[in-house]
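As a plain string of letters, each chain reads:
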Amino acid sequence: MRITPPVVDYRELRPQNITSEKFRHLLLLVWWPLFGILFSLTEKGLFADHYTPIYSPFDDIIPFNELFVIPYMFWFAYLVLMHLYTGFYDIDGFRRFMWFIIITYTTTIVIYWIFPNCQHLRPAVFERDNVLTRFMAAFYAYDTNTNVCPSIHVHGAVAVWAAGWNSPRLRSVWWKVGFTVTTVLISLSTVFLKQHSVIDVIAALPLCLIAYLICYRKQELGFRVKKRSRA
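A brief report on the enclosed structure follows.

Cut-offs applied
- Residues numbered from 1 in each chain as written.
- Predicted model: local features only at pLDDT ≥ 70, side-chain atom pairs only at ≥ 80, totals over all residues.
- Heavy atoms only, no water.
- Axes fitted to C-alpha atoms, helices over the stretch in contact; angles between N-to-C directions.
- Helix = DSSP H or I, 4+ residues; strand = E, 2+ residues; numbered from the N terminus.
- Left-handed = near helix turned anticlockwise from the far one by under 90°.
- Contact = heavy atoms within 4.5 Å.
- Nonpolar A, V, L, I, M, F, W, Y, C, P; charged D, E, K, R; others polar.
- Salt bridge = Lys/Arg side-chain N within 4 Å of Asp/Glu carboxyl O.
- Buried < 20%, exposed > 50% of the residue type's maximum accessible area, 1.4 Å probe, protein only.
- Core = buried A, V, L, I, M, F, W, Y, C linked by side-chain atoms within 4.5 Å.

Let us look at the packing of helix H4 (residues 91-114) against helix H8 (residues 198-216). Direction vectors running N to C along H4 and H8 enclose 145°, while the axes themselves pass 9 Å from each other. Crossing hand, H4 versus H8: right-handed. Every residue of H8 that contacts H4 at Gly-93, Arg-96, Phe-97, Trp-99, Phe-100, Ile-103, Thr-104, Thr-107 and Thr-108 is listed here: Leu-207, Cys-208, Ala-211, Tyr-212, Ile-214, Cys-215 and Tyr-216. A breakdown of the residues in the contact of H4 with H8 according to their chemical character gives 11 nonpolar, four polar and one charged.

The next thing to look at is the pattern of salt bridges. Applying the stated criterion to the full structure yields eight salt bridges. Of the charged contacts in the structure, one is a salt bridge between Glu-21 and Arg-24, with a shortest N-O distance of 3.3 Å. With a relative accessible area of 54%, Glu-21 lands in the exposed category. Notably, a salt bridge pairs Arg-128 with Glu-66, separated by 2.8 Å at the nearest N-O pair. Linking Arg-128 in the loop between strand S2 (117-118) and helix H5 (131-142) with Glu-66 in the loop between helix H2 (57-61) and helix H3 (69-89), this pair joins segments that are 62 residues apart in sequence. On the basis of relative accessible area, Arg-128 is assigned to the partly exposed category, the value being 37%. The structure contains a network of salt bridges with shared partners spanning Glu-66, Glu-127 and Arg-128.

Among the nonpolar cores identified, the biggest contains 47 residues, and Phe-97, Phe-100, Tyr-105 and Tyr-216 are the most heavily contacted of them. Within the residue set of this core, elements represented by two or more residues are helix H1 (31-43), H3, H4, H5, helix H6 (152-165), helix H7 (173-192) and H8. Considering every element that reaches this core, the biggest residue donor is H4, with nine residues. When residues no more than four places from it in sequence are discounted, the contact partners of Phe-97 are Leu-79, Met-82, His-83, Thr-86, Ala-159, Val-160, Ala-163 and Tyr-216.

Interpretation in functional terms is not warranted from these geometric data alone.
Given below as structure tokens:
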């Protein structure tokens, strides 16, 4: 199997050339620690004195299923792997991927400030006792039930899906099926683990669509407008 060489040789990266055309895409990564600080302050309730519960009757129909811990936690690797892939093999895709995340995550944080929300869907007692339910019990203790709508988990999963579908090197049908199935499973995991309401998932989709149009279809839409005006 032929191994495709990286687009950028990061061995040449130095502090003094980080702003060069070759490496300036890496500056977008500065957004991650900034987001971490803002999200941490938001989670501590710095911008909220009251939370609105998010609930749908459909939430009662969906059972808790600990097997969805697997796709839920894979989300973290899903994001990291796409950062690494695009950072080495698709620089334009890296920029679009990062801007998709910046747009959706930043807007979501602002929504949390304007509309502080929470959910009360987590089971008080698990029907089964196994390694996955014990993991979720520990995760519940670590992760608050606030700031859930829209779902950042969905935004991140769709961001990876969009980057994968638009990468020139990942155009095979198997890659596209894999990205789609993984993204759907991650989104479903948020409701089957009672981390999110169905409403949180649905609310994330319009923002994903807006970010997709901006990051992946902006030039195409502009071309169509110019073409029509000339006609």
